[in-house]
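# Close look at the chain arrangement
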Amino acid sequence: MLTAYLTHPDCERHQMGADHPECPERLAALRDHLLVKGLLDCMQEHEAPAASDEQLQRVHDRAWLLQLADQVPAEGYARLDADTLINPYTLRAARRAAGAAVRAVDLVLGGQAPNAFCAVRPPGHHAQRAQGAGFCFFNNAAVGVAHALAAHGLLRVALVDFDVHHGDGSEDIFAGDERVLLCSSYQQDLYPFRDSHPPAANVVLAPLAARSGGAAMREAVTQYWLPALARFAPELIVVSAGFDAHREDDMGNLGWSEADYRWLTEQVLAQAQASAGGRIVSCLEGGYALSALARSAAAHLRVLVEA
Ligand SMILES: [Zn+2]
């Protein structure tokens, strides 16, 4: 069985302006690199369906769905916040991005794929229950987690987030929900500027100092994430896979390399193999230096493909 690769052309039609870092070229660069490396040949490709209202409303308020639909412009851009814009295709792209996570969960839990990667945008982990923010509209990974719980009857799902920014939207949605363990690593004193105190027992934070490098991440993951994951024994691991902690990415300053993403993925895979039958659903979040994004995601995917 091959790793599933989910995407949709609508994900490249959402744009936020000519110079915006969260651009359609991110997906093209990733796909090109995976083709060149022969990795795409080792995966089964699926077109992402649009997430339904029911699937989205497991983690989002209906009012937010209506508000977003209302803001979609007929042409040009509408502004959600300082950095987050809506174009005529944004809502379609956001529904496909969340739908990819749903389909990926169905494929992996249905035994049709050992693991899956959603090559989608807009990203999701800053989207809270009642509002989008920080380039995000619907919380794709959270929609996938909620689908695994509600539609497949799982009792414990881990959500692992290694984007350089804290997944504050996922925290807003799942803090206090004991069916979910949220592990988040991120650079301190960076957007969204949350403090480092976990809001609930099911949230494990690994804040990292600027310029601390991959070694500090490995230490924090080994000390905080891995014991918590082992205790929780998830039946599925969903990953918010942001690659903006890479040393070539100007969004942050953590200085990670492709080898760090490979190591992290190997740790997640080891836990998935221990308690979840190896089942992993990974959703693209950040990563804005196109070459570094493509190489890092390839390092992540190679571990999944060879699992
Ligand atoms: Zn990010």
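Residues numbered from 1 in each chain as written. Predicted model: local features only at pLDDT ≥ 70, side-chain atom pairs only at ≥ 80, totals over all residues. Heavy atoms only, no water.

## Here's the deal with the coordination of the zinc ion
Of the protein atoms, only Asp163 (OD), His165 (ND1) and Asp244 (OD) coordinate the zinc ion, at distances of 2.0 to 2.1 Å. Sequence positions of the residues that donate to the zinc ion give the spacing D-x1-H-x78-D. Of the two residues examined, Asp163 and His165, each falls in the buried class. (Donors = N, O, S within 2.8 Å, 3.2 Å for Na, K, Ca; no water. Buried < 20%, exposed > 50% of the residue type's maximum accessible area, 1.4 Å probe, protein only.)

## Comments concerning the pattern of salt bridges
Counting across every chain of the model gives 14 salt bridges. Between Arg26 and Glu22 there is a salt bridge, with its nearest N and O atoms 2.7 Å apart. Assigned by exposure class, Arg26 and Glu22 land together as buried. Where Glu171 meets Arg194, a salt bridge forms, and the shortest distance between an N and an O atom there is 2.6 Å. Taken as a pair, Glu171 in helix α6 (residues 168-174) and Arg194 in the loop between β7 (180-187) and β8 (203-208) lie far apart in primary sequence, 23 residues in all. The exposure class assigned to Glu171 is buried, which follows from its relative accessible area of 7%. Judged by its relative accessible area of 33%, Arg194 falls in the partly exposed class. (Salt bridge = Lys/Arg side-chain N within 4 Å of Asp/Glu carboxyl O. Helix = DSSP H or I, 4+ residues; strand = E, 2+ residues; numbered from the N terminus.)

## A word on unusual backbone geometry
In this structure, Pro122 follows Arg121 across a cis peptide bond, with omega equal to 0 degrees. Position of Pro122 relative to the elements: it lies in the loop between β5 (115-118) and α5 (140-152). In this model, Tyr191 is joined to Pro192 through a cis peptide bond whose omega is 5 degrees. Examined against the element boundaries, Pro192 turns out to sit in the loop between β7 and β8. Phi at Asp189 takes a positive value of approximately 55 degrees, unusual for a residue other than glycine. With a phi close to 50 degrees, Ala233 is a non-glycine residue in the positive phi region. Within the fold, Ala233 resides in the loop between α7 (213-232) and β9 (236-241).

## Observations concerning helix α8 (residues 258-275)
Over its 18 residues, α8 runs 26 Å from end to end, which matches the ideal 26 Å to within 8%, given 1.5 Å per residue. All of the buried residues in α8 are Asp260, Tyr261, Trp263, Leu264, Thr265, Gln267, Val268, Leu269, Gln271 and Ala272. Buried residues along α8 sit in contact with β6 (157-161), α7, β9, β10 (280-284) and α9 (290-305). Following α8 by one or two positions, Gly277 adopts a phi angle in the positive range, close to 60 degrees. (Expected span 1.5 Å × (residues − 1). Contact = heavy atoms within 4.5 Å.)

## Brief notes about the UniProt feature "domain: Histone deacetylase" (unreviewed entry) in the chain
Look at the UniProt record and you will see "domain: Histone deacetylase" (unreviewed entry) annotated at residues 20-304. The distance separating the terminal C-alpha atoms of residues 20-304 is 30 Å; by composition the span is 42% helix and 16% strand. (UniProt positions renumbered as here; feature names shortened; annotations may be inferred.)

## Focus: the packing of aromatic side chains
Counting across every chain of the model gives 6 aromatic pairs. Note on Phe162 and Tyr261: the rings are 5.8 Å apart at their centroids and 50 degrees apart in plane angle, and the pair reads as tilted. Pair noted here: Phe162 is in the loop between β6 and α6 and Tyr261 is in helix α8, with a separation of 99 residues, a long-range link. In this structure, Phe162 and Tyr261 share a single accessibility class: buried. (Phe/Tyr/Trp six-rings, centres within 6.5 Å; stacked < 30°, edge-to-face > 60°.)

## Brief notes about the packing of helix α4 (residues 90-109) against α5
Between α4 and α5, the shortest axis-to-axis distance is 8 Å and the interhelical angle comes to 40 degrees. Between α4 and α5, the crossing angle belongs to the class labelled oblique. Like other packed secondary-structure pairs, α4 and α5 cross with a definite hand, here right-handed. Across the interface between the two elements, Ala94, Ala97, Ala98, Ala101, Val102, Val105, Asp106 and Leu109 of α4 pack against Asn140, Val143, Gly144, His147, Ala148 and His152 of α5. Of the residues belonging to the contact of α4 with α5, the class tally is 9 nonpolar, 4 polar and 1 charged. (Axes fitted to C-alpha atoms, helices over the stretch in contact; angles between N-to-C directions. Parallel < 35°, antiparallel > 145°, perpendicular 65-115°, else oblique. Left-handed = near helix turned anticlockwise from the far one by under 90°. Nonpolar A, V, L, I, M, F, W, Y, C, P; charged D, E, K, R; others polar.)

## Topic: the packing of α7 against α8
Orientation of α7 relative to α8, taken along the N-to-C sense of each, is 10 degrees, at an axis distance of 11 Å. Taken together, the axis directions place α7 and α8 in an arrangement best described as roughly parallel. Each of Gly214, Met217, Arg218, Val221, Thr222, Trp225, Leu226, Leu229 and Ala230 in α7 lies in contact with α8, whose residues at this interface are Ala259, Asp260, Trp263, Leu264, Gln267 and Gln271. Broken down by class, the residue content of the contact of α7 with α8 amounts to 9 nonpolar, 4 polar and 2 charged.

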